[in-house]
Number of protein chains: 2
Amino acid sequence: MLAFEPPLRDIRFLLFEVLSAPDLPGSLAGAQHLDSLLVDHIVDAMGRFAIDTILPLNAGADAQGCTWTASGVQTPAGFPEAYAAFCAQGWPLLCADPELGGEGLPHVLFTIQQEILSAACHAFVMAEAVNPCALACLQASASPDLIARWGPLLADGSVLATMCLSEAQAGSDLGLLRTRAAVAPDGSYRITGTKIFASGGDHDLTANIVHLVLARLPDAPPGTRGLTLFLVPKWLEDGTRNRVHCDGIEHKMGLHGSPTCTLRFEGAVGWRIGDPQRGLAAMFPMMNRARLLAGAQAVGLADIAWQNAARYAGERRQGKAVSTPGTTLAEPSLLIAHPDVARMLAIQRAWVEGGRALICWSAALIDASVMDAAVMDAARGHCDPAHRADAAALLGLLTPIVKGFVCENAQQAVSLALQVHGGHGYMTATGIEQLLRDARVITLYEGTTGIQAIDLLQRKALGDGHGLAVLLASIDRWTRRSKGEGATAHDEEIDAALATLAGTVKDVTTLLATASEPARLAAASSYLRLLGHLATTYLWARMLHAAAANPTQEPWHAAKRDTGRFYVRQLLPEALWLAAAIQADSAVSSSVNGPQKR
Amino acid sequence: MLAFEPPLRDIRFLLFEVLSAPDLPGSLAGAQHLDSLLVDHIVDAMGRFAIDTILPLNAGADAQGCTWTASGVQTPAGFPEAYAAFCAQGWPLLCADPELGGEGLPHVLFTIQQEILSAACHAFVMAEAVNPCALACLQASASPDLIARWGPLLADGSVLATMCLSEAQAGSDLGLLRTRAAVAPDGSYRITGTKIFASGGDHDLTANIVHLVLARLPDAPPGTRGLTLFLVPKWLEDGTRNRVHCDGIEHKMGLHGSPTCTLRFEGAVGWRIGDPQRGLAAMFPMMNRARLLAGAQAVGLADIAWQNAARYAGERRQGKAVSTPGTTLAEPSLLIAHPDVARMLAIQRAWVEGGRALICWSAALIDASVMDAAVMDAARGHCDPAHRADAAALLGLLTPIVKGFVCENAQQAVSLALQVHGGHGYMTATGIEQLLRDARVITLYEGTTGIQAIDLLQRKALGDGHGLAVLLASIDRWTRRSKGEGATAHDEEIDAALATLAGTVKDVTTLLATASEPARLAAASSYLRLLGHLATTYLWARMLHAAAANPTQEPWHAAKRDTGRFYVRQLLPEALWLAAAIQADSAVSSSVNGPQKR
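Residues numbered from 1 in each chain as written. Chains lettered and ligands numbered in written order. Predicted model: local features only at pLDDT ≥ 70, side-chain atom pairs only at ≥ 80, totals over all residues.

**Student:** How should I be thinking about the overall build of chain A in this particular structure?
**Tutor:** For chain A, the count of helices and strands is 19 helices and nine strands. Here the C-alpha atoms of chain A give a radius of gyration of 24 Å, agreeing with the 25 Å that 2.2 N^0.38 yields for 598 residues. For chain A, the spread of C-alpha atoms along the three principal axes comes to 80 × 65 × 55 Å. Residues classed as buried in chain A amount to 62% of the 598 residues present. (Helix = DSSP H or I, 4+ residues; strand = E, 2+ residues; numbered from the N terminus. Rg over C-alpha atoms; globule rule 2.2 N^0.38 Å. Buried ≥ 20, exposed ≤ 12 C-beta atoms within 10 Å, placed from the backbone.)

Set out below in C-alpha cells:
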C-alpha cells in the first residue's frame, strides 16, 4: 500500500507565514478560528482519518470498481462504512455555513481537507465533495424554502448531491442541452431527459441523492440562455421514489471507485433554483467551486505520488551515482543520489508545493470575496467592498489557473513519480499507476484545460481585466519593495525573475488584445501556462521570503528555499518558450488538420 | 473500434524524397530493393494485415489480458491464430538475413512494419519484434553452430525470443545481476537464477521459446564486467523440457496482451553467446535494436491516437468557433474549427511526422553502418569504411534520442489525443485510454529516459563526440547551402532556426564538458531534449525542402509545410527553455530531496 504523511508543516507555513501577510490580497491575517492549535488539531485528525480509514480502500476500490444493477449502484467494499464514519465524525460540517449547522471555518480548511482526502482516495472525494459546491449554488440562488428543506441535509452529508450537466450531444457546449422541464400546478417542475457523466448519480452511500439538473423550459431560447437549473431528489420528501433512474455506469481509465452514471429523468419532480433561464448563472458558483476542488485533488494526488517516489528513491540502490559521500565503491548508490532522479523528485516537489500555495491562496480569496454578508458568517468576509471586489476578481482569474495549470502540472508530477519507479512503476502492485489513471480525468472534467484557457484569456484577462490588474499591482508592490531600502529576507533572484515575467505578461496581453480571434484563441493555452507561472512565481517569491524571515532557520527552510530556486531555474524558463510561441504566429493553418492529412 | 489508415503517403515521401537525398548520412539512394512499387506493395499488404487481423484483437486483448497457470501462459483470444497468420504470410522474414532464409530488405521496412503493427496492437508487437533484435545479437556474437541451429527458426518466427535481463534487485543496474552459469562437460552451460519483467517469457504462440539470458560465470568479477550471455531454450533440441519455469505474470497499467513473466532457471541448459564476461557487449546490438523499436512503437501509437482524435474532431460539433466558413450561426462548430483543438491536433501531427522521420532515418543508418559485409548482404552496407563509421556513430547518437525523445513526445501526443475527446476520452469504450496506458511503458523499458539521457551526454556527445560531429557537419552543410546562391526550395525560416539551434547545442555541449559531474548529469535530460529538437528540426528542414521541391504541389505538400512551420514556431521554442535550464545551475540541492522534506 502507498504510504502517506499529511503535509502538516507545509500547511502551517502557508497559513501562518505566507497567506497571512497583510499586504497579500485575500490575506488570512484576520480570519477567525485560524489559530495555530485549532489548525494543528483539525489537520492532524483529518490526516489520521484519511490514513486509517480512507487510504486502505483505494487500491481495492480500483480493482473492484462500482457495480450497476437495475436496482442501483454499489460502491466498492468499505465505501459505505467509510462514508458513514466521515459523517459521524462531522467532517462535512467543517466549513459549512453555521446557519445550516456547519462550523463555519475558513474555506482554506476545506481545500486542505480535500487535498488530504484526495491523496488517500480520489474516488472517495468524488462522492463527498460535491455537497459544498452544491451548497454554494443553493445559497447564492435558491429560495429560502428550498435551502431550508435541503441545505442542512447537504451540509451534514446525510444527502449527497450531483451535478447533472452533460448529455450525449452536449459536453463542453451546454447550449446544446435538450433535457426539458415543465411547470406543474403546485409550482414544482417535471424534468425529462437523459444526462451522462453524472458522478455519483447513484450509489449506496446515502439513502437519498439530490441532483442539480440543467434543463430547458418550454419556449426557452436555444443556447445557454435558455437553461434553467432544478433540484431533483432521488426520493421525494413524502417518501415516494422520484422518476429518475440510473441506466448504467461508465467503464473508465481510472477512478473506478466513483460511479459515472447515465441518469434518465422521466417527468421527475424538481424545484427551480434561481430565475427561469438563469440556470447557467445559478450553476456558476457550483462549477467554480468544483474547478478549485479539482486543483485540491490534483495536489493531493501529486503529493502522495511524490512521497512514495521519494521513499522508493531513498531505499532502492541502483548504479553508481557521482559524489555519494559515505558510499563505498562496491556499494550501489541510492536512486536519490542520481542527479536525474533528484531532478525528477525536485520537479514533483516544486509542483506540489507551488500548487498547494495556489489552491490555498484561491481558497483564502473565496472568503475574502464574500459579497453577501447576510449569507455567510460576517466575520469571514472582508468589510471593504472594494477589497471584496478585488478578491472576487482575482479569484476569477485564479480559478482557471488552478484548474488548467495546477492540474496539468500534477499529471506531469504523477507521471514523473511513476518514472522514478522504473519498470516497477508500471506494475499495479506498486500503486502509482492507479494514481496516474485517476489523475488523468482532472484536466477533463469541470471544463477541459482548453476551456479554462479560453475563459482565462477571453473572459478574464481581456474581459474587464480586473483580476489581472489586481495580481499585477500586487506583484508590482512586491518587487518594488524588494528593491527598496531596508528590504529584508527578499530573494533577489526570484524577485527579479518575477518582475521580468510580469513585464512579459503585460506585453503578450497587449499583443493578444489586438490579435486576430483565431490567433488569439490558438494562443490561449500558452497564455494560461504563462499566467500560471506568474501566479506561482509570485507565491514562491513570498514563500522564499517567509522562509528566510523565519528566525529558526531549520533545514526545512533551506529545503523550501532550494525548491523555490529549483523552480525558478529549471521550470520557470518554460515562460521563454511560451512567450515565443505566443509571439510567433499561433494560428494553426487549416491545412494541417484538413482533409488531405494523409 | 479505433480506425486506422496506414501512413503510406508519408512513408513514400520519406523514403523517396527525403531519406534518399545523396548528401544525407545514411542516404537510401543506393538501397537495393527500395523501388517504389515494391514499397507500395509491401506497405499496403502490411497495412491490410494490421487492419484486418491485428487491430480487431487490440481492445479485447486489453480487457481479457493473459492468463497464467502452472502449465503455462495463455495469450488473449485470437493471438495464436494471428501470430500463425503473421508467420504464414512470411512477415518475419521481411528484413531478415538471406543466409537465414530472409528476404534481406532494407531495415527501414522493418521499422515501418513495426510502426504499423504497433498502431494496430502494441501487445502483439511485443511478441513478434524481439526476434530481429535477438538475431542482431546472435549474428554479431554467436558461434556459427549456434546461429545455424537457432537463426533460421528465429528468422521465420517459428521460435520466439525473449530478453532476460532484469532481476528483482537489478533493473537499470545490470551489474547487480546474480543469476549464475556453470560450464558442463559437453561445453554447454547450466543457468540458475530468477529473472523478472521478461516480456513473452512464456506464451502459446510458438511451441518453443529461446531466452537470451545474462548470467555470471564462477569467479566472474562483480559488476557488469562479470556478465556473460547465454541462449536458453524452453525445449531442448532432443525434445526434453529445459529447466526454465514461468512463475507468474505481472498485473500492469497496460499492455495486458503481453505477458510480463517471472522466469525461474533451475540449472537450465544453455549455450554461451560471445566470449565469457563479454555478455553486455554481446547484448548491446539487441538492446540498441530494441531501443529503436520502442521509437517505432511510439510513433505507431501516436499515429493511431492522432488519426482518431482528428476524426472525432472532424465529426463532433460543440460550441461556436471563430470564423467557420459555411457554418450558420445556429449550428455548432466542428471541434476541429476551434483553434485550441486544432493546436492539439497540430502538436500530435508534428510529433508523429517528425518522429517517423527520425525512426526511419535511424533505420537507414543501421544498413549504412553495417561493418561486417560478410554477415549482411554486401549491397546493403556502404563500401566506404569512413562512411560506415560515420553512420555507426550517428546511429549511436540517434538511438537514445529515438528512445528518449520520440517516445516521450509520443506519450504527450497520445495524451493530447485523449484530451481532444474530452470526457469521452476517459471512457474505455472510446479506445484512446488504452493507447495511453499501453504507451506509458515505452519510456520505462529498454532503459528509462533518464538512462538514455546519460548515455547520450556521457557516452556519445562528451565521449568521442563522433556522432554529434557528423550531425553538426551535415547540418552545417545544409544551412550553408541554404544561404548559398541558387539554393532552391529551402525554407529560410526553418533553416535559420536550425542554424541557431546548432549554435546553441555547440555552446551548451562546451559548457557541460567542463561542468561538475552532478551538474552535468542533472542537465542530461534537458540536453537529450535539446538534441532531439536538433535532429527533428534538421529532418523537418529537409522535409520542407523536399515538399517545396515536389513539382506536383498538391494540398498534401502545403500541409507538410504548414506542419513543419507549426513545429518551428510552437514546439521548437522549447529549446529556449532547455538552454536556459542547462545554463542555469542544474544541480539539485540535496536539501530538496533530503530527509527533512516534510
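**Student:** What's the story with the pairing of strand 6 (residues 208-216) of chain A in this structure? I'm lost.
**Tutor:** On a regular strand, each side chain points to the face opposite its neighbour's, so the side chains alternate between the two faces of the sheet. Residues and elements named next belong to chain A. Most of strand 6 sits out of view: seven of its nine residues are buried. In this structure, strand 3 (residues 159-164) lies alongside strand 6, joined through six bridges in parallel fashion. Each residue of the ladder has a partner; that of Cys-164, found in strand 6, is Val-213. Relative to strand 7 (residues 227-233), strand 6 runs antiparallel, the two being bridged by seven bridges. Considered in strand 7, the bridge of Arg-216 is made with Leu-227. (Pairing = 2+ DSSP bridges.)

**Student:** Can you walk me through the domain arrangement of chain A in this structure?
**Tutor:** Interface size, as often reported, equals the accessible area lost upon joining of the parts. All names here are of chain A. Looking at chain A, the domain boundaries give domain 1 (282-321 + 330-450) and domain 2 (456-583). One C-alpha centre belongs to domain 1, the other to domain 2, and the line joining them spans 18 Å. Taken residue by residue, the interface counts 21 residues in domain 1 and 21 residues in domain 2. Only helix 10 (339-368), helix 11 (385-420) and helix 13 (449-464) provide two or more residues apiece to the side of domain 1 that touches domain 2. (Domains from an automatic or database assignment. Contact = placed C-beta atoms within 7 Å.)

**Student:** In this structure, what is going on with the packing of helix 9 (residues 279-313) of chain A against helix 10 of chain A? I would like to understand it.
**Tutor:** Packed helices, taken two at a time, are described by the angle between their axes plus the distance between the axes. Residues and elements named next belong to chain A. Where helix 9 meets helix 10, the closest approach of the two axes is 9 Å, and the angle between their N-to-C directions is 155°. With respect to helix 10, the axis of helix 9 lies roughly antiparallel. Pair helix 9 / helix 10 crosses with left-handed handedness. Across the interface between the two elements, Leu-292, Gly-295, Ala-296, Ala-298, Val-299, Ala-302, Asp-303, Trp-306, Ala-309, Ala-310 and Ala-313 of helix 9 pack against Val-341, Leu-345, Gln-348, Arg-349, Trp-351, Val-352, Gly-355, Arg-356, Leu-358, Ile-359, Ser-362 and Ala-363 of helix 10. Of the residues contributing to the contact of helix 9 with helix 10, the split by class is 16 nonpolar, four polar and three charged. (Axes fitted to C-alpha atoms, helices over the stretch in contact; angles between N-to-C directions. Parallel < 35°, antiparallel > 145°, perpendicular 65-115°, else oblique. Left-handed = near helix turned anticlockwise from the far one by under 90°. Nonpolar A, V, L, I, M, F, W, Y, C, P; charged D, E, K, R; others polar.)

**Student:** Please explain the interface of chain B and chain A as it appears in this structure.
**Tutor:** Counting from both sides, the interface comprises 80 residues of chain B and, opposite them, 80 residues of chain A. Broken down by secondary-structure element, the contributors of at least two residues to the side of chain B that touches chain A are helix 9 (339-368), helix 12 (449-464), helix 15 (517-522), helix 16 (524-549), helix 17 (555-571) and helix 18 (574-583) of chain B. The element best represented in the side of chain B that touches chain A is helix 17 of chain B, accounting for nine residues. Its residues assigned to classes, the side of chain B that touches chain A shows 39 nonpolar, 24 polar and 17 charged.

**Student:** I'm lost on the confidence of the model for chain A in this one. Help?
**Tutor:** Where the model shows low pLDDT, its predicted coordinates should not be examined in detail. Confidence in the prediction of chain A, expressed as mean pLDDT, is 94, and 96% of residues score 70 or more. Two numbers describe this predicted complex: its pTM, 0.97, and its ipTM, 0.96. (pLDDT = per-residue confidence, 0-100.)

**Student:** Looking at this structure, how should I read the nonpolar core?
**Tutor:** One broad rule of soluble globular proteins: the nonpolar side chains tend to lie buried together. Core analysis: the biggest nonpolar cluster contains 438 residues, and Tyr-527 of chain A together with Tyr-527 of chain B have the highest contact counts within it. Here the element with the most residues in this core is helix 9 of chain A; it accounts for 21 residues. When near neighbours in sequence (up to four residues on either side) are disregarded, Tyr-527 of chain B contacts Ala-453, Leu-456, Leu-457, Val-508, Leu-512 and Ile-582 of chain B. (Core = buried A, V, L, I, M, F, W, Y, C linked by C-beta atoms within 7 Å.)

**Student:** Teacher, can you tell me more about the relation of the copies chain B and chain A here?
**Tutor:** Two copies of the chain are present, and they differ by a rotation about an axis and a shift along that axis. Between chain B and chain A, which share one sequence, the superposing operator has a rotation angle of 180° and an axial displacement of 0.0 Å; the RMSD is 0.0 Å. What the superposition gives is, in effect, a two-fold axis relating one chain to the other. When the interface residues of chain B are mapped onto chain A, 100% of them again fall at the interface, so both copies present the same face. (Least-squares fit on C-alpha atoms with pLDDT ≥ 70 in both.)

**Student:** Explain the packing of helix 9 of chain B against helix 16 of chain B here, please?
**Tutor:** Residues and elements named next belong to chain B. Packing of helix 9 against helix 16 brings their axes to within 9 Å, and their N-to-C directions diverge by 100°. With respect to each other, helix 9 and helix 16 are oriented roughly perpendicular. Between helix 9, through Gly-354, Ala-357, Leu-358 and Trp-361, and helix 16, the contact on the second element is made entirely by Ala-535, Thr-536, Leu-539, Trp-540 and Met-543. In terms of residue class, the contact of helix 9 with helix 16 is built from seven nonpolar, two polar and no charged.

**Student:** Would you mind showing me how to read the environment of Asp-247 of chain B here?
**Tutor:** Residue and element names in this part refer to chain B. Counting through the fold element by element, Asp-247 comes out in strand 8 (residues 244-249). Given 15 C-beta atoms within 10 Å, Asp-247 falls into the partly exposed group. Along the chain, Asp-247 and Cys-261 lie 14 residues apart, while their C-alpha atoms are 7.3 Å from each other. Not counting the four nearest positions on each side in its chain, Asp-247 is found in contact with Thr-262 and Arg-264.

**Student:** Sorry if this is basic, but what is going on with helix 7 (residues 144-155) of chain B here?
**Tutor:** Residue and element names in this part refer to chain B. Residues Ile-147, Trp-150, Gly-151, Leu-154 and Ala-155 constitute the buried set of helix 7. Down the axis of helix 7, the smallest arc covering the buried residues is 135°, so these residues share one side. In helix 7, the exposed positions that point more than 90 degrees away from the buried face belong to Asp-145 and Ala-148. For helix 7, the secondary structure elements touched by its buried residues are helix 6 (130-141), strand 3 (159-164), strand 6 (208-216) and strand 7 (227-233). (Arc of directions from axis to C-beta.)

**Student:** Would you take a moment to explain unusual backbone geometry for this structure?
**Tutor:** Most peptide bonds take the trans form, and the phi angle of most residues other than glycine is negative. Although it is not a glycine, Phe-197 of chain B sits at a positive phi angle of roughly 60°. Here Phe-197 of chain B lies in strand 5 (residues 189-199).

**Student:** Quick question: what am I supposed to make of the pairing of strand 9 (residues 260-273) of chain B here?
**Tutor:** Residue and element names in this part refer to chain B. Taken across its 14 residues, strand 9 has 10 buried, putting it largely inside the fold. In the sheet, strand 5 pairs with strand 9 via nine bridges, with the strands oriented antiparallel. Paired with Thr-192 across the bridge in strand 9 is Glu-266. Summarising the sheet, strand 7 and strand 9 pair through three bridges and their orientation is antiparallel. Its bridge partner being in strand 9, Phe-230 is matched across the sheet by Arg-272.

**Student:** Looking at this model, I keep getting lost on helix 6 of chain B. Mind explaining?
**Tutor:** Residues that lie three or four places apart on an α-helix share one face, since the helix turns once every 3.6 residues. Residues and elements named next belong to chain B. In this model helix 6 runs 17 Å from its N-terminal to its C-terminal C-alpha over 12 residues, within 8% of the 16 Å that 1.5 Å per residue would give. In terms of residue burial, helix 6 counts as a mostly covered element, since 10 of its 12 residues are buried. Buried residues of helix 6: Val-130, Asn-131, Pro-132, Cys-133, Ala-134, Leu-135, Ala-136, Cys-137, Leu-138 and Ser-141, and no others. (Expected span 1.5 Å × (residues − 1).)

**Student:** So what exactly am I meant to see when it comes to the environment of Thr-53 of chain A here?
**Tutor:** All names here are of chain A. Along the chain, the position of Thr-53 falls in helix 2 (residues 36-54). Take Thr-53: there are 19 C-beta atoms within 10 Å of it, and that puts it in the partly exposed class. The sequence separation of Thr-53 and Ala-120 amounts to 67 residues, and the corresponding C-alpha distance is 9.0 Å. Ignoring anything within four residues of it in the chain, the contact list for Thr-53 reads Ala-82 and Ala-85.

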